[in-house]
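Residue-level structure breakdown
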Amino acid sequence: MRKKIVAGNWKMNLDYNEGLGVFSEIINMVKDEATGTQEVVVCSPFIHIHSLVQMAKGYHKVAVGAQNAHQAESGAYTGETSAKMIKSVGAAYVIIGHSERRQYFGENNELLAKKTDTVLKHDLHPIFCIGETLQEREANQHFDVIRTQLVEGVFHLDAPQFAKLVLAYEPVWAIGTGVTASSAQAQEIHEFIRKEIAAKYNQEVADNTTILYGGSCNPKNAAELFAQPDIDGGLIGGASLKSRDFVDIIKAFN
Ligand code: PEP
């Protein structure tokens, strides 16, 4: 059966000491309180990753991830970080194609497909983000947009590679806005994504794919979202910066 995951995305927040402080609170609370959760991932800025991995040793439910990786193996790409480097400090996941990367850094599906390949080559799990803008939803294009993001971003993978992927449905209009998709809206899209995976691969692959919901998820709405049959956890932005809120979201699975 597919894994239930709650992943935090710290974005460009928390300096080194602040990050270690929040993470220390998270791992202690998870150990004591989050008995039913299968996996907790914290995707921090690069500067924290090595230390967080050291701190997480012995906490088998907690893994660490990056928020981006360059598509090339290495080379003259000033300011960039490679998948090999990320792997070398012990991270397990990399967020690929977050809408902020698509919007502010011009990342398109073609580039994101290359990033996915590179991340997989280094035995890291991509958390591949898809989702429509408000304009696309209002124009009733959301299903087409999501299908295209899947086809161009990840459907070139063979089934064993695809099995290492986590998908995150994040409607752009819900990210950081305080507006959450209703559980029915989110479930509708998650079910659609699973059907698309079944049509491309097969039902078993679809049933084994973890699909997270992201977009203003908080301790109040998490339980209802996570109770939907095709929602396997969350990708959490703002609320992952506060250890108490993040752990309360994690506990929505208990
Ligand atoms: C995100 O950045 O992936 C996200 C879901 O953000 P927020 O929870 O703040 O909406």
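Cut-off values and rules
- Residues numbered from 1 in each chain as written.
- Predicted model: local features only at pLDDT ≥ 70, side-chain atom pairs only at ≥ 80, totals over all residues.
- Heavy atoms only, no water.
- Helix = DSSP H or I, 4+ residues; strand = E, 2+ residues; numbered from the N terminus.
- Rg over C-alpha atoms; globule rule 2.2 N^0.38 Å.
- Areas by Shrake-Rupley, 256 points an atom, 1.4 Å probe, with all protein chains shown as cover.
- Lys, Arg positive; Asp, Glu negative; His and termini not counted.
- Charge placed at Lys NZ, Arg CZ, Asp CG, Glu CD.
- Near = heavy atom within 4 Å.
- Polar contact = N/O pair within 3.5 Å; in protein donor to acceptor, adjacent residues only side chain to side chain.
- Core = buried A, V, L, I, M, F, W, Y, C linked by side-chain atoms within 4.5 Å.
- Buried < 20%, exposed > 50% of the residue type's maximum accessible area, 1.4 Å probe, protein only.
- Pairing = 2+ DSSP bridges.
- Axes fitted to C-alpha atoms, helices over the stretch in contact; angles between N-to-C directions.
- Contact = heavy atoms within 4.5 Å.

**So, the overall build of the protein**
Summing up its helical and strand segments, the protein has 12 helices and 8 strands in all. What you see for the protein is a C-alpha radius of gyration of 17 Å, in line with the 18 Å of a compact globule of 254 residues. Expressed along its principal axes, the backbone C-alpha trace of the protein runs to roughly 45 × 45 × 35 Å. Carbon and sulfur atoms provide 51% of the accessible area of the protein, an area that totals close to 11,100 Å². Across the protein, 24 positive and 30 negative side-chain charges occur, with their mean positions spaced 5 Å apart.

**Remarks on the site of the ligand**
Around the ligand, a shell composed of 14 residues is seen, among which Lys11, His98, Glu170, Gly176 and Ser216 lie nearest. The contact in question runs from an oxygen atom of the ligand to an N or O atom on the side chain of His98, over 2.8 Å. The contact in question runs from an oxygen atom of the ligand to an N or O atom on the backbone of Ser216, over 2.8 Å. Expressed as a share of its isolated accessible area of 290 Å², the protein-covered part of the ligand is 95%.

**Focus: the nonpolar core**
Counting residues in each nonpolar core, the largest one holds 66 residues, and the members touching the most others are Phe23, Phe162, Leu167, Ile193, Ile197 and Phe226. No other element matches the 7 residues that helix α1 (residues 16-33) contributes to this core. Ala7, Ile95, Ile127 and Leu235 belong to the second-largest nonpolar core, a separate cluster that totals 13 residues.

**Observations regarding the sheet that holds strand β4 (residues 93-96)**
The parallel closed barrel is built from 8 strands, whose spatial order is β1-β2-β3-β4-β5-β6-β7-β8. Pairs of neighbouring strands in the sheet enclose a mean axial angle of 25 degrees, with direction left out of account. The pairing of strand β7 (residues 211-214) with strand β8 (residues 233-236) spans 2 bridges and is parallel. The residue bridging Gly214 from the neighbouring strand is Leu235, located in β8. Most of the contacts of helix α5 (residues 109-121) go to strand β5 (residues 125-130), to which it runs at about 160 degrees, and overall it touches β4 and β5. Along the sheet face, helix α7 (residues 142-153) touches β5 and β6 (166-169) and points at about 150 degrees away from the line of β5.

**A short note on the side chain of Lys115**
The residue Lys115 is located in helix α5 in this model. The exposure class of Lys115 is buried, given its relative accessible area of 3%. Residues in contact with Lys115, not counting those within four places in the same chain, are Asn68, Ala69, Gln71, Ile96 and Glu107.

**Thoughts on the pairing of β6**
Taking every second residue as pointing to the same face, both faces of β6 are buried, with Val166 and Ala168 on one and Leu167 and Tyr169 on the other. When β5 meets β6, the two strands line up parallel, connected through 4 bridges. Bridge pairing in β6 links Cys129 to Ala168. Here β6 pairs with β7 via 3 bridges, running parallel. Of the residues in β7, the one forming a bridge with Ala168 is Leu212.

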